[in-house]
Amino acid sequence: MSDRIAGAAPSPGRLLLAADAGTGPAGKALDLLSIIVAAVEQAPGMAVRGIDSEGLVRYWSPGAARLYGVAAELALGQPWATVAAALPAGGALAEQLSGELAAVWQSGKARSARLWKLGSDGAAPRCICSTVFPVLQAGRVRQVVCIDIDLTASGQEGTGQGALLLMGDNFRQLYEKSADAIVLLRDEHIAEANPAAIALFQCEGRPRLLGRRLSDFSPLRQPDGELSSSRGTQLAAQAHAQGNWRYDWRYQTCLGELFWGEVLLTSVTLDHTYLFYAVIRDISPRKLAEQALYLSAQVVEHAREAIVVMNAQQRVVSMNPAYSELSGFSRDDMLGKTFIMHRTEPDALAFFAHVWEEVDANGYWQGDILGQRKDGQRYPAWLSLTAIRDPQGQLSNYLAILSDISERKKSEEHTRHLAEHDFLTDLPNRVLLLDRLSLALAAARRKLSMLAILYLDLDHFKHINDSMGHHVGDLLLKEVARRLVRCVRGVDTVSRHGGDEFVIILAEVGGIDQAAHVAASLLHAVTQVYQLGDYELHVSTSIGVAIFPSDGETIDSLLHNADVAMYHAKEGGRNNFQFFNAHMHAQIVERASLEQGLRAALGNDEFELEFQPELDVASGAIIGAEALLRWRHPQLGLLPPERFIAVAEECGLMVSIGNWVLRHACLRARAWHDAGHAWQVSVNLSATQCLHNNLLHSVQKALAVSGLPAAWLELEVTEALLMKGGARLAEVLAQLRALGARLAIDDFGTGYSRLANLRHYPVDKLKIDPSFLPGAPDGAAEDTAVAATIIAMARALQLTVIAEGVETAQQLAYLQAQGCQQYQGRYASAQVDGSSLARLLH
């Protein structure tokens, strides 16, 4: 037999080289192996391949040539990858088998048998069982041998068995490579698990899973509150009864992380034993998406805003309950209907045509609309329309969100009303006045008509606030506002400009006489008696009138000129109205110029003092001098105080100017004393100075700077101021008197004060007004009796009396006869002029 085999045709390639004759037992063993190999080569359905470390085919048995259809001469010496690519299974098989060869080369260990399918054109596929093992020499892998057995070569039975084995191998590969977790359960315990199950449950290896229940990888309770263990048993029973059962389950990994799984539990029977295959897929992302979708649906369902979903044809497909509550339309009313048909404003079709164009162009539109409920009631609404597109960018739906903004509109209207109206009188304020005046001027220009601005200011309103309280002043302002509104037409505007000032716009007046008639009506209405609680008030007002276009063509010019006219009405005695004219404007310009000049005068040293001598009636000697302020204006020259004192009072400069006068008057008096003339200096105090908190400090500072003793400073206040000053002025005068300064009352007799009241003030001297002297231009015969009475009563009160404004010797003789002690005026100045003392006064 050995001779017969040995004489067989030479094998293509050699796995083992034949031993030389006479090599002993080793040679015989080698020959035996050669015989075995030769027998393997002749076996039907068996193919043997040998591949070296370089991947070249070194052995290719006849069975391999028969099985694969590749002759030995075409395979030997060729790379295995090239030969495998030519096989019926193609490149996929070459890649798979090459991977197995590489694993054996690297590990040096045989690979267990595996099944694979070999197909050929026009023939049934064959089931191949492959075994791969290494050939070692001196402990190193020299070749890798592959033995492939065709299981289908044994006829029909073999074909069935091969197909069954192949199916089992395919299932095994499916089981091993499945992305879904697959576990085999026996008696509810895990008997087998694929790699995907190990990865899903985050276990370090298969032993961590085997022998445990699936419920062990679950939280104690499922999200619905049921125990996982009892619920798992119920589901297994359902799967057994139905054959399989699909459900969602909350699992917990080996690391303690929770996830959702979709489970297909299938019941199978093996050897009269019930088993379960569980296929588990991680559906946590899907659950999150479902939860988000559910939450979105709940948000829409419970949203306070009305939400409507439309299809691409703008027909309603869904709406939430809030829309029904808002509009009164039910789902049956809306579904399938065009959204615009459930109406807004009368021209809704044209309006919404434009809206849809905006949505299609920009993807959204939002704005105010006037909605209409099912019962016909209209309401303001805020509508947001959005175009929704699918992943391909095609329009799929429209989303409408509708909100009732009635309350917001009311709030906005209320806020706008507060911003445009006076909080006290509810009349238009300056903001709304300017807006209406702008519209009225535009209409007057367009129609070539006249327009009048009336500027009203209540006379002595501050006195009412100070004496009766601001609450009475507020009541008065509200009543005045009501009276003014009743005096004008509906097209006219009455506004409160601030404080006690009101501005009225008379639109389209027929002429100046009509404006004058309205002004007279306003004057009459305001001056009627007011009964405000316990107070009965008599109030007057001053009104200035400016006419468009003759008195101005702009808002600012008209308001300014009406204000100027009102100012002149006050100067004219109040309780009257004045039309604006050019002369008024010139006076206002001059006043503004004086105010500006006064602010610079102190810094530029433009003020001067002129000293009018005061003489003793009996001896004719100089006893003192009154300091009279003069302003040497850079353009207007030397100005007397009556030209600028009122302006200084109004613009708040009187205290600073008064302090300047005090300081320089004391300095001059000190110079007189140093020259040997102990004269006193008299300084007039303004009302502003007397009521200023720092008057005492200012006097002390002037005396300290000059070094003048306080007894040589005489401070004069008018009788009118004394009558109005009250307790506060009395306190200030007492402080000055305690300082040592002397006090005099100027213009005495003009205020009709009672001489007995003088006992309440620390007064040293009375100055008789010139109007009471005989021969005065405005005096009457009885006025001289007033002067005699004042002198007599002052002497009785031990007060010094000085007459001012003495111009003639006859007046001086009269004063001397009545017992008057001192005098001043032109006649007194004439007595001093030309003497050496005159230079000290100039």
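Above this text sits the structure in question.
Report on the accompanying structure.

Conventions adopted
- Residues numbered from 1 in each chain as written.
- Predicted model: local features only at pLDDT ≥ 70, side-chain atom pairs only at ≥ 80, totals over all residues.
- Heavy atoms only, no water.
- Helix = DSSP H or I, 4+ residues; strand = E, 2+ residues; numbered from the N terminus.
- Contact = heavy atoms within 4.5 Å.
- Areas by Shrake-Rupley, 256 points an atom, 1.4 Å probe, with all protein chains shown as cover.
- Buried < 20%, exposed > 50% of the residue type's maximum accessible area, 1.4 Å probe, protein only.
- Polar contact = N/O pair within 3.5 Å; in protein donor to acceptor, adjacent residues only side chain to side chain.
- Core = buried A, V, L, I, M, F, W, Y, C linked by side-chain atoms within 4.5 Å.
- Disulfide = S-S within 2.5 Å.
- Pairing = 2+ DSSP bridges.
- Expected span 1.5 Å × (residues − 1).
- Axes fitted to C-alpha atoms, helices over the stretch in contact; angles between N-to-C directions.
- Salt bridge = Lys/Arg side-chain N within 4 Å of Asp/Glu carboxyl O.

**Thoughts on the overall build of the protein**
On a plain count of helices and strands, the protein comes out with 29 helices and 31 strands. Taking all contacts inside the protein whose residues are at least 6 apart in sequence as the whole, residues at least 24 apart take part in 53%. As presented, the protein carries roughly 43700 Å² of accessible surface, and 54% of it is formed by carbon and sulfur atoms.

**Side note on the side chain of Glu 626**
Position of Glu 626 relative to the elements: it lies in strand β24 (residues 622-633). On the accessibility criterion, Glu 626 (5% relative accessible area) is buried. A distance of 2.7 Å separates a polar atom in the side chain of Glu 626 from a polar atom in the side chain of Asn 684.

**What about the environment of Ala 110?**
Assignment of secondary structure puts Ala 110 in the loop between α6 (90-107) and β3 (111-120). Along the primary structure Ala 110 and Val 132 are separated by 22 residues, whereas in three dimensions their C-alpha atoms are 5.7 Å apart. Discounting chain neighbours no more than four positions away, the residues touching Ala 110 are Val 132, Phe 133 and Pro 134.

**A look at the environment of Arg 599**
Among the structural elements, Arg 599 can be located in helix α20 (residues 582-604). Here the alpha-carbon distance between Arg 599 and Cys 651, two residues 52 residues apart in the chain, equals 9.1 Å. Among all residues touching Arg 599, those that are not within four sequence positions of it are Cys 651 and Leu 653. Among the polar contacts listed, one links the side chain of Arg 599 to the backbone oxygen of Cys 651, at a separation of 3.5 Å.

**Concerning the nonpolar core**
Grouped together as the largest cluster of nonpolar side chains are 76 residues, with contacts concentrated most on Leu 598, Phe 607, Val 681, Leu 713, Leu 715, Leu 766 and Leu 815. With nine residues, helix α22 (residues 654-674) is the largest single contributor of residues to this core. Ala 452, Val 480, Ala 515 and Leu 532 belong to the second-largest nonpolar core, a separate cluster that totals 33 residues.

**Description of the side chain of Thr 338**
Examined against the element boundaries, Thr 338 turns out to sit in the loop between α12 (331-334) and α13 (348-362). Thr 338 has contacts with Gln 314 and Arg 315, leaving out every residue within four places of it along the chain.

**Things to note about the state of the cysteines**
All chains considered together, the criterion is met by one disulfide. Note that Cys 203 is cross-linked by a disulfide to Cys 254, the S-S spacing being 2.3 Å. On the sign convention where negative means left-handed, the S-S torsion of about 45 degrees between Cys 203 and Cys 254 marks this disulfide as right-handed. Here the residue Cys 203 occupies a position in the loop between α8 (195-200) and α9 (228-242), and Cys 254 occupies one in the loop between β8 (244-252) and β9 (258-270), the gap between them amounting to 51 residues. Residue Cys 254 is classed as buried on the basis of its relative accessible area of 18%.

**What about the pairing of strand β29 (residues 765-768)?**
Side chains Lys 765 and Lys 767 of β29 all project onto a buried face; the interleaved residues Leu 766 and Ile 768 project onto the opposite face, where all are buried too. As paired strands, strand β28 (residues 742-748) and β29 are joined by three bridges and run parallel to one another. Residue pairing in the sheet places Phe 748 in a bridge with Ile 768 of β29. Note: β29 against strand β30 (residues 800-803), four bridges, orientation parallel. Looking at β30, one finds that Lys 765 is bridged to Thr 800.

**With respect to helix α17 (residues 470-486)**
Along its 17 residues, α17 runs 25 Å from first to last C-alpha, staying within 8% of the 24 Å computed at 1.5 Å per residue. Those residues of α17 that fall on the buried side of the exposure criterion are Val 472, Gly 473, Leu 476, Leu 477, Glu 479, Val 480, Ala 481, Arg 483 and Leu 484.

**A word on unusual backbone geometry**
A cis amide bond links Phe 548 to the next residue, Pro 549, at an omega of 10 degrees. Residue position: Pro 549 is located in the loop between β21 (541-548) and α19 (555-571). Even without a glycine there, the phi angle at Asp 426 is positive, about 65 degrees. The backbone of Asp 605 sits at a positive phi, close to 55 degrees, despite the residue not being glycine. Assignment of secondary structure puts Asp 605 in the loop between α20 and β23 (607-616). Using a relative accessible area of 56% as the deciding quantity, one classes Asp 605 as exposed.

**Thoughts on the pairing of strand β6 (residues 181-186)**
Counting buried residues in β6 gives five out of six residues, a clear majority hidden from the surface. Counted between consecutive antiparallel strands, the loop separating β6 from strand β7 (residues 189-193) contains two residues, among which Asp 187 sits at a positive phi close to 55 degrees.

**A short note on the sheet that holds strand β17 (residues 493-498)**
Spatial ordering of the open sheet is given by β17-β18-β16-β21-β22, a layout of five strands whose pairing is mixed. Edge positions in the sheet fall to β17 and β22 (577-579), since each has one partner strand and no second. On average, each strand axis in the sheet is tilted by 20 degrees relative to the strand beside it, whichever way the strands run. Two elements, strand β16 (residues 450-458) and β21, share eight bridges in a ladder whose sense is antiparallel. Within β21, the position partnered with Leu 456 by the bridge is Ile 543. Lying over the sheet, α19 contacts β16, β18 (501-509), β21 and β22, oriented at roughly 145 degrees with respect to β21.

**With respect to the pattern of salt bridges**
A full pass over the atoms with the stated rule returns 37 salt bridges. When the shortest N-O distance is used, the salt bridge between Glu 714 and Lys 765 registers 3.0 Å. Here Glu 714 is found in strand β27 (residues 713-718), whereas its partner Lys 765 is found in strand β29, with 51 residues between them in sequence.

**Concerning the sheet that holds strand β12 (residues 316-319)**
Picture the strands of a sheet paired through backbone hydrogen bonds; they go either parallel or antiparallel. Taken together, five strands build an open sheet; the order of strands is β12-β11-β15-β14-β13 and the sheet is antiparallel. Only two strands of the sheet have a single partner each, and these edge strands are β12 and β13 (364-372). Here the strands of the sheet are splayed against their neighbours by 25 degrees on average, with no regard to which way each runs. Two elements, strand β11 (residues 306-311) and strand β15 (residues 395-404), share six bridges in a ladder whose sense is antiparallel. Within the sheet, the bridge partner assigned to Asn 311 lies in β15 and is Asn 397. Seen against the sheet, helix α14 (residues 406-420) touches β13, β14 (378-389) and β15 and runs at an angle of roughly 120 degrees to β14.

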